[in-house]
Amino acid sequence: MLTLTDIGEFGLIDLIKKKFMPYGPETIVGIDDDCAVVTGREGFYTLYTCDSQVEGSHFIADLVPPYLLGQKVLTVNLSDIAAMGGTPRFALLSLVLRPDISVEWIDTFLEGFRYKANQYAVEVIGGNLAHTEGKLIFDVTCIGEVKRNRLLLRNQARVGDLILVTGSLGDAAAGLKILLEEQKMNTTREQYLLNRYFLPEPRVDVGRILAESPNRIALIDISDGFAQDLGHILKQSQVGGIVDVERIPLSQQLISWCTVQNCFPLDFACSGGEDYELIFVTAPQSADELRKKIQHEIGIPVTIVGEITAGSKLIFEKSEQNYEFHTQGWNHFSSF
Ligand SMILES: Nc1ncnc2c1ncn2[C@@H]1O[C@H](COP(=O)(O)OP(=O)(O)O)[C@@H](O)[C@H]1O
Ligand SMILES: Cc1ncc(C[n+]2csc(CCOP(=O)(O)OP(=O)(O)O)c2C)c(N)n1
Ligand SMILES: [Mg+2]
């Protein structure tokens, strides 16, 4: 019997896609990008996205401060709006809770959610409640908008373009490992990495700058790992890519922690996941200008890590030799 483990998360998405396509004329983008895109108010498209955080799969209830979980549940959705160049506007919050959860815990969670919503001017306009004796589930639907001519999709990469990434990669995955292995957390290094797992910042402001630029840009956020998420841009743009692993931005904290742990920072950076940074691909003429603008206006470093090639392969190189990873990106159903 074929199971979800055999087909994996993306096999299941293909199956779902076949059931619900084709779409009517008001749907600009259906399944496949970070958000669904439908006709909106005059001059705009409306963006829809939903993502959940599930106990055991995304967080361990006893190990996560509820104020930070409340923020992250919204952040992962804001990140998808950012990945379309959009502005978030509204959110719906669905809570699946055990009856023994303390009111104080859920109140603190909601305070965290409210803090993030206020930070990005998002109105929480509804949601749902359900009882469980099993795992906690926090599911958010986020609605945003983007100017019609500035929608940024995954399928816009062209041969010769450069591949850029915001921030540094791999910190969140290291933070998760520190948490799960109950490693000592009393140094600023471990605290930094843990924070990057607990409290990523959605790159909404970066998405806005990219959307304001007149250049052709392909854009995605990194939830499952840099390699896998860059792979989505390549597949949907029908191109290949080459990445110089020595250019991949790594924090000093990750490098230092990996030295002590005797592990490879590039494994965390390329397949760790939950970075919630953005990957964008654009022509060389626009790349440097955008990089400088983002760095100057928002203070987020942007690094050119590679180039788009013909074909369909994603190649990682170190000193012009193929570089092999020891791990793969996140997949909800596969057993690797
Ligand atoms: N159960 C589902 N039904 C319909 N579409 C889905 C479902 N699960 C995922 N998708 C779609 O598949 C695409 C990839 O999903 P996912 O990997 O979760 O994206 P993201 O990393 O942006 O959250 C998205 O366009 C999403 O809307
Ligand atoms: C207890 C626990 N185990 C593993 C992980 C790692 N993890 C869970 S989901 C995920 C990928 C991102 O989440 P997903 O639901 O796939 O987001 P999407 O791609 O849909 O935006 C990662 C790296 C975690 N955060 N917590
Ligand atoms: Mg998702």
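Residues numbered from 1 in each chain as written. Chains lettered and ligands numbered in written order. Predicted model: local features only at pLDDT ≥ 70, side-chain atom pairs only at ≥ 80, totals over all residues. Heavy atoms only, no water.

If you check an unreviewed UniProt entry, the protein chain appears there as Thiamine-monophosphate kinase from Atribacter laminatus. Here is the UniProt Pathway (unreviewed entry) comment for the protein chain, exactly as written: "Cofactor biosynthesis; thiamine diphosphate biosynthesis; thiamine diphosphate from thiamine phosphate: step 1/1." (UniProt positions renumbered as here; feature names shortened; annotations may be inferred.)

**Student:** Just to check I follow, could you spell out the sheet that holds strand β1 (residues 27-29) for this structure?
**Tutor:** Adjacent strands of a sheet pair through backbone hydrogen bonds, lying either parallel or antiparallel. The six strands are arranged β1-β2-β3-β6-β4-β5 in an open sheet whose pairing can be described as mixed. At either margin of the open sheet sits one strand with a lone partner, and together these are β1 and β5 (123-131). Each adjacent strand pair in this sheet contributes to an overall mean axis angle of 20°, direction not counted. Of the strands in this sheet, β4 (87-97), β5 and β6 (137-147) are in contact with helix α3 (residues 103-119), which crosses β4 at around 170°. (Pairing = 2+ DSSP bridges. Helix = DSSP H or I, 4+ residues; strand = E, 2+ residues; numbered from the N terminus. Axes fitted to C-alpha atoms, helices over the stretch in contact; angles between N-to-C directions. Contact = heavy atoms within 4.5 Å.)

**Student:** I would appreciate a short explanation of the sheet that holds strand β7 (residues 162-166) in the present structure.
**Tutor:** One open sheet holds the seven strands; their spatial order is β8-β10-β7-β11-β9-β12-β13, and the pairing between them is mixed. Whereas interior strands pair on both sides, the edge strands pair on one side only; in this sheet they are β8 (217-221) and β13 (321-322). Both β8 and strand β10 (residues 278-282) contribute to a ladder of five bridges, which runs antiparallel. Paired with Ile217 across the bridge in β10 is Thr282.

**Student:** Where do I start with the pattern of salt bridges in this structure?
**Tutor:** Pairing of side chains with opposite charge becomes possible as their charged atoms draw close. Applying the stated criterion across every chain yields a total of 22 salt bridges. In this structure, Asp33 engages Arg154 in a salt bridge whose closest nitrogen and oxygen atoms are separated by 3.5 Å. With Asp33 in the loop between β1 and β2 (36-39) and Arg154 in the loop between β6 and β7, this residue pair connects regions lying 121 residues apart in the sequence. Each of the two residues, Asp33 as well as Arg154, counts as buried. When the shortest N-O distance is used, the salt bridge between Glu297 and Lys293 registers 3.4 Å. (Salt bridge = Lys/Arg side-chain N within 4 Å of Asp/Glu carboxyl O. Buried < 20%, exposed > 50% of the residue type's maximum accessible area, 1.4 Å probe, protein only.)

**Student:** I keep staring at the packing of helix α2 (residues 66-82) against α3 and nothing clicks. Help me out?
**Tutor:** Each pair of packed helices can be summarised by the angle the axes make with each other and by the distance between the axes. Between α2 and α3, the shortest axis-to-axis distance is 7 Å and the interhelical angle comes to 45°. As far as their axial angle goes, α3 and α2 are oblique. Seen along the crossing, α2 lies across α3 with a hand that is right-handed. On α3, the residues touching Pro66, Tyr67, Leu69, Gly70, Gln71, Val73, Leu74 and Thr75 of α2 are Trp105, Thr108, Phe109, Glu111, Gly112, Phe113, Tyr115, Lys116 and Ala117. Grouping the constituent residues of the contact of α2 with α3 by class yields ten nonpolar, five polar and two charged. (Parallel < 35°, antiparallel > 145°, perpendicular 65-115°, else oblique. Left-handed = near helix turned anticlockwise from the far one by under 90°. Nonpolar A, V, L, I, M, F, W, Y, C, P; charged D, E, K, R; others polar.)

**Student:** Just checking my understanding: could you explain the UniProt feature "binding site: Mg(2+) 3" (unreviewed entry) in the protein chain for this structure?
**Tutor:** Residues given the UniProt feature "binding site: Mg(2+) 3" (unreviewed entry) here are Asp34, Asp80 and Asp221. The named residues occupy 188 residues along the chain; their greatest pairwise C-alpha distance, 7.7 Å, places them in one compact cluster. You can see Asp34 is positioned in the loop between β1 and β2. According to the relative accessible area criterion, Asp34 is buried, its value standing at 6%. Ignoring sequence-local partners within four residues, the contact set of Asp34 consists of Thr49, Asp80, Ala83, Met84, Arg154, Leu219, Ile220 and Asp221. Its location among the elements puts Asp80 in helix α2.

**Student:** Would you explain α3 in this entry?
**Tutor:** Quick reminder: α-helices carry 3.6 residues per turn. Residues three or four places apart thus point the same way. Compared with the 24 Å implied by 1.5 Å per residue over 17 residues, the 24 Å span of α3 between its first and last C-alpha is a close match. Against the buried residues of α3 lie α2, β4, β5 and β6. Phi turns positive one or two residues past the end of α3, at Ala121, with a value near 55°. (Expected span 1.5 Å × (residues − 1).)

**Student:** When you look at a nonpolar patch on the surface in this model, what are you seeing that I'm missing?
**Tutor:** Where nonpolar side chains cluster on the molecular surface, the patch consists of Leu2, Leu4, Ile7, Leu15 and Phe333 and spans about 430 Å² of accessible area. For Leu4, the location among the structural elements is in helix α1 (residues 4-20). Residue classification places Leu4 among the partly exposed positions, given a relative accessible area of 36%. (Patch = residues over 30% accessible without salt bridge, like charges linked within 9 Å, V, L, I, M, F, W, Y side chains within 5 Å. Areas by Shrake-Rupley, 256 points an atom, 1.4 Å probe, with all protein chains shown as cover.)

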